Amino acid sequence: MNIALSFNLKAEAEGVQDTAAEPPLEPPSEPPDDLYAEWDDIHTINAVADALRSRHRVTLVEADTGAFERYRLLRPDLVFNIAEGLHGVSREAQIPAMLDMLGLPYTGSDPLTLGLCLDKRRTKEILAHHRVATPRFVVASSMAEIPARFSYPAMVKPTLEGSSMGITDRALVRNRRELVRQVQWVLETYRQPALIEEFLPGREFTVAMLGNGSDLRVLPIVEINFDSLPSGVNPIYSYEAKWLWDQEQDPLQIFTCPAQLEPLLRRQIEVLCRRAFAALGCRDWCRIDVRLDGRGLPQVIELNPLPGILPRSEQNSCFPKAARAAGLTYDQLILAVADAAVTRLNLHEQGGCNESRGLL
C-alpha cells in the first residue's frame, strides 16, 4: 500500500528553517513560548515513517500550504495523519478537510471531531449532552465574563489548545484574585477565551483507545503520580511537568502503567472512555484524560484524537507507554492505527492500492 505521512516538523528545535511556520495572523506582542509544543521532532517523524515502511511504501508530506498540490498529484492509498497545524481554531482539522476534498482516505478522526475536541468548551457541552461525566465549567471571553462566584480550587485553561499549552503550574487557582490573574493571562497570551473548570481532587489517569466499533480496545490505563513532581508545585499535569521537568535524560517517575486499580474502578473508567469516544465520533485512536472527583468517580477532562507518540520509552509518551504495556512494540502500534483505518474504510475490499483504482 502507498501511504503518505502527514506531519508538522518542529524545525526550530532541529536548527532547520521552517518556511511554513509563519507567525499567527494577529499575534500578541510576544508569541507564547509553547507555540510549537504540539509539533513533532524529526526523530518521531522518522520513527513513524520507519514503522510504516516495514509493511508499506511511504512518502513524507509536510502539512504546509503546498500539501494540497502534493496530495493531488501523489494520490496515496492512505494518509497517516499526525499533523497538528498552526493557525486558527480549525488547525487540527485542516489536513483532513483537504483530504476529504481530494477524496483521499486517512487515519484518525474527521475534521468535525478534531475541531470539536480541540475546543474544550464544545467537547464538554457534547459530553454533558450525552451524560458523560465531566467537570462543571464556565467560559470567559473577556474579563467582564469572569463569574462573580465559582467553587475553589478551580482550573483555568485556554479553550483552544492541546499538549498542556497554557496550563502552567499557576493554572490551579484557589481564590478570586488568582482566578482573575490567570484568566487575564490566558486572554492576553493566547487571544482566546479562558475555560474555568471545577478542579477534581482525586487520582488522574490517561486512557489510550485503539480501533473502532466492536474492535475498539482500551489499552492498559496510565496513572499520573503527582508525588513525583518537585516539592511545592500543584498536583496537576502542567506544561512544566510535561515539557520542562520531565526530560529524556532525566525522566520523571510520574507514570504507573498499568495503573493499580480495583476492578470496579477500572471498569468504570473503561466504560466512561468508550462512551466519550463514541459521543465525539472519534476514529481509529484517541487518548482520553480522566480524573476522579471527591467521591472517587471518574470524569472526562478532555479527549486527544491526535495523541502524542514520542518513540523512546525515556520520553514518557503515554500512548506508546500504554501500547508497550499491552505487548505492542512502537512499530506494531503505528501499524495497528493504519490497520484500524484500513478496516474502517474497507480498503482491503477496494484493492488497497492506486494501481487497482487506476490513479497512477
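To be clear, the structure that these remarks concern was listed above.
What comes next concerns the included structure. (Residues numbered from 1 in each chain as written. Predicted model: local features only at pLDDT ≥ 70, side-chain atom pairs only at ≥ 80, totals over all residues. Heavy atoms only, no water.)

1. Quick word on the environment of leucine 104
Examined against the element boundaries, leucine 104 turns out to sit in the loop between helix H3 (94-102) and helix H4 (111-118). Separated by 26 residues in the primary sequence, leucine 104 and leucine 78 have C-alpha atoms spaced 6.8 Å apart. When residues no more than four places from it in sequence are discounted, the contact partners of leucine 104 are Tyr71, Arg75, Pro76 and Leu99. (Helix = DSSP H or I, 4+ residues; strand = E, 2+ residues; numbered from the N terminus. Contact = heavy atoms within 4.5 Å.)

2. Description of the packing of aromatic side chains
Taken as a whole, this structure holds four aromatic pairs when the rule is applied. Here the aromatic rings of tyrosine 237 and phenylalanine 255 are separated by 5.7 Å at their centres, their planes lie at 85°, and the arrangement is edge-to-face. Of the two residues, tyrosine 237 sits in the loop between strand S10 (222-224) and helix H7 (239-244) while phenylalanine 255 sits in strand S11 (residues 255-256), which places them 18 residues apart along the sequence. Ring geometry for tryptophan 285 and phenylalanine 319: centres 5.6 Å apart, planes at 75°, overall edge-to-face. With tryptophan 285 in strand S12 (residues 285-292) and phenylalanine 319 in helix H9 (residues 318-325), the pair connects residues that are 34 residues apart, well separated along the chain. Phenylalanine 319 matches tryptophan 285 in its accessibility class, with the two residues each being buried. Among the aromatic side chains, those forming a connected cluster through ring pairs are Phe80, Trp285 and Phe319. A cation sits over an aromatic face here: arginine 136 above phenylalanine 150, 5.7 Å from the ring centre. (Phe/Tyr/Trp six-rings, centres within 6.5 Å; stacked < 30°, edge-to-face > 60°. Buried < 20%, exposed > 50% of the residue type's maximum accessible area, 1.4 Å probe, protein only. Lys NZ or Arg CZ within 6 Å of the ring centre and 35° of its normal.)

3. Some thoughts on the sheet that holds strand S2 (residues 57-62)
Strand order across the open sheet formed by three strands is S2-S1-S3, with parallel pairing between neighbours. Of all strands in the sheet, those bounded by a partner on one side alone are S2 and strand S3 (78-81). The sheet shows a mean angle of 30° between the axes of neighbouring strands, taken without regard to direction. Across four bridges, the pairing between strand S1 (residues 2-7) and S3 is parallel. By the bridge assignment for S3, alanine 4 is matched with valine 79. Lying over the sheet, helix H2 (residues 67-74) contacts S1, S2 and S3, oriented at roughly 155° with respect to S2. (Pairing = 2+ DSSP bridges. Axes fitted to C-alpha atoms, helices over the stretch in contact; angles between N-to-C directions.)

4. Considerations on the packing of H4 against helix H5 (residues 120-129)
Relative placement of two packed helices is described by the angle separating their axes and the distance separating the axes. One way to put it is that H4 packs onto H5 with a least axis distance of 5 Å and a crossing angle of 105°. Here H4 lies roughly perpendicular to H5, going by the angle between them. For the pair formed by H4 and H5, the contact residues are Leu116, Cys117 and Leu118 on the first element and Lys120, Arg122, Thr123 and Ile126 on the second. Looking at the contact of H4 with H5 residue by residue, the classes come out as four nonpolar, one polar and two charged. (Parallel < 35°, antiparallel > 145°, perpendicular 65-115°, else oblique. Nonpolar A, V, L, I, M, F, W, Y, C, P; charged D, E, K, R; others polar.)

5. Considerations on the sheet that holds strand S5 (residues 154-158)
Pairing between sheet strands relies on hydrogen bonds along the backbone, with the strands arranged either parallel or antiparallel. The strand order S4-S7-S5-S6 describes an open sheet built from four strands, whose pairing is antiparallel. In the strand order of this sheet, the two ends are held by strand S4 (137-140) and strand S6 (172-173), each with one partner. Two elements, S4 and strand S7 (residues 194-198), share four bridges in a ladder whose sense is antiparallel. Residue pairing for S7: alanine 140 is matched across the bridge by alanine 194. Contacts between helix H6 (residues 176-190) and the sheet are confined to S4, S5, S6 and S7, with S5 contributing the most and set at about 10° to the helix.

6. Quick word on the nonpolar core
Looking at soluble globular proteins, one finds that nonpolar side chains tend to be buried together. By size, the foremost hydrophobic cluster in this structure holds 43 residues, and its most contacted members are Leu5, Val48, Leu52 and Phe80. The set of elements that each furnish at least two residues to this core consists of S1, helix H1 (42-53), S3, strand S8 (204-210), S10, H9 and helix H10 (330-345). When residues no more than four places from it in sequence are discounted, the contact partners of phenylalanine 80 are Ile3, Ala4, Leu5, Ser6, Val48, Leu52, Thr107, Trp285, Ile334, Val337 and Ala338. Within the second largest apolar cluster, 26 residues are counted, among which are Phe205, Ile269, Ala279 and Val300. (Core = buried A, V, L, I, M, F, W, Y, C linked by side-chain atoms within 4.5 Å.)

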